[in-house]
Amino acid sequence: MQDAWYVPRPPFPQAFFDELNAHRTEFPLAEEFVISVEEAGRAFIVKRGQTMRITCAEGAQIVDMCIWNAHDTRERFANEYSLTREGIWLQRDMRLWSSLPKLRPMMTVTADTVKNKPVHPGARHHYLFGAHCNPQGWYWVVKDREHPLVTHNNCYCNLTRAIAPFGLVAADLHDNLNLFMKCFVDAESGLHPWEPSDVEPGDYVEFYAEMDCLVALSVCPSASGRKAHDEEAPKPITVSTYDTGRLLPEYEDPLGS
Ligand SMILES: [Zn+2]
């Protein structure tokens, strides 16, 4: 593209991930669980060398996802550094980078089965910006301080409850990925309105862990985002981890940080 400049992307180990993807369906299942609508959020460890699949088994459901280094939670997913290198939409072979000073890959996307059918130009699923829904945001929707969406049933509260068993608190949350949510960027306003999701039952996204990760997921009360919040019930999601038996050599930072 003429007269356009891009932030450089560090070299990507394409051969490793092509080989991994060629064997993706053969890996033994390590763990599988369902996060119900009632539980609404859970945190768990994904070990280096494992893949993690998040499946909308019963249909479209927005999932908010946070990632920390399991051994030092000061290092966490940095969406701003990730999107400048990789783009704003999650896609295969995208790397999810950690916060400074490390700025190294935490996970790499290995699969996305959602078939995108944009209504507005450029609309896509799974984006790296936008963070999580929260009490203040929902208040301006329902205008009721006692409403469950304000008091506890929102992604901020779901994620905060999920990380408590790991000794983390709300201040440890970071701006997260928005999985299975579909939006476009309005060129005039710069806003990112949502449009109906194309997610079908059984669609999933999958990640390869490049380090031991603490992952937190929230089942968003917005459900699929296809309808108003009180017109559609959220759905449970299934989380599966697999032992790939493949370890990508640790990322080498050119500055040695
Ligand atoms: Zn939410």
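Please refer to the structure placed before this passage.
Conventions adopted
- Residues numbered from 1 in each chain as written.
- Predicted model: local features only at pLDDT ≥ 70, side-chain atom pairs only at ≥ 80, totals over all residues.
- Heavy atoms only, no water.
- Buried < 20%, exposed > 50% of the residue type's maximum accessible area, 1.4 Å probe, protein only.
- Helix = DSSP H or I, 4+ residues; strand = E, 2+ residues; numbered from the N terminus.
- Arc of directions from axis to C-beta.
- Contact = heavy atoms within 4.5 Å.
- Phe/Tyr/Trp six-rings, centres within 6.5 Å; stacked < 30°, edge-to-face > 60°.
- Lys NZ or Arg CZ within 6 Å of the ring centre and 35° of its normal.
- Pairing = 2+ DSSP bridges.
- Axes fitted to C-alpha atoms, helices over the stretch in contact; angles between N-to-C directions.
- Salt bridge = Lys/Arg side-chain N within 4 Å of Asp/Glu carboxyl O.
- Lys, Arg positive; Asp, Glu negative; His and termini not counted.
- Polar contact = N/O pair within 3.5 Å; in protein donor to acceptor, adjacent residues only side chain to side chain.

## A closer look at helix α1 (residues 14–22)
Item 1. Regarding α1, the residues found buried are Phe16, Phe17, Leu20 and Asn21. Around the axis of α1, the buried residues are gathered within 125° of arc, so they sit on the same side. Residues of α1 that are exposed and point more than 90 degrees away from the buried face comprise Ala15 and Ala22.
Item 2. Buried-residue contacts for α1 involve β7 (105–112) and β10 (203–209).

## Overview of the packing of aromatic side chains
Item 1. All chains considered together, the criterion is met by 10 aromatic pairs.
Item 2. A centroid spacing of 5.0 Å and a plane angle of 85° characterise the contact between Phe16 and Phe17, whose relative ring orientation is edge-to-face. In terms of burial, Phe16 and Phe17 fall into one category: buried.
Item 3. A network of ring pairs unites the aromatic residues Phe12, Phe16, Phe17 and Tyr208 as a single cluster.
Item 4. We note Arg53 situated over the ring of Tyr204; from NZ or CZ to the ring centre the distance is 4.1 Å.

## Examining the sheet that holds strand β12 (residues 237–243)
Item 1. Strand order in the open sheet made by the six strands is β1-β12-β3-β10-β7-β6, with antiparallel pairing throughout. Of all the strands in the sheet, just β1 (29–35) and β6 (95–97) have a single pairing partner and so form its edges. Each strand of the sheet is rotated relative to its neighbour by a mean of 20°, with strand direction disregarded.

## Points about the pairing of strand β9 (residues 177–183)
Item 1. Within β9, seven of the seven residues are buried, leaving the element largely enclosed by the surrounding structure.
Item 2. Pairing analysis gives three bridges linking strand β8 (residues 124–127) to β9, with the strands arranged antiparallel. The residue of β9 that forms the bridge with Arg124 is Cys183.

## Things to note about the pattern of salt bridges
Oppositely charged side chains can pair when the atoms bearing their charge come close.
Item 1. Summed over the entire model, instances satisfying the criterion amount to 13 salt bridges.
Item 2. Note that Lys235 and Glu232 form a salt bridge whose closest N and O atoms lie 3.5 Å from each other. The same class applies to Lys235 and to Glu232, which are both buried.

## So, the side chain of Asp203
Item 1. Note on placement: Asp203 falls in strand β10.
Item 2. The buried charged residue Asp203 lacks any salt bridge, with Lys115 as its nearest oppositely charged partner at 5.7 Å.
Item 3. A polar contact is formed between the side chain of Asp203 and the backbone nitrogen of Glu200, at a distance of 2.8 Å.

## Some remarks on the side chain of Asp93
Item 1. One can find Asp93 in the loop between α2 (79–86) and β6.
Item 2. In this structure Asp93 comes out as buried when scored by relative accessible area, which is 15%.
Item 3. Residue contacts for Asp93: discarding those within four places in its chain leaves Arg9, Phe12, Gln14, Phe17, Glu86, Thr108 and Val109.

Honestly, it's all geometry; don't read function into it.
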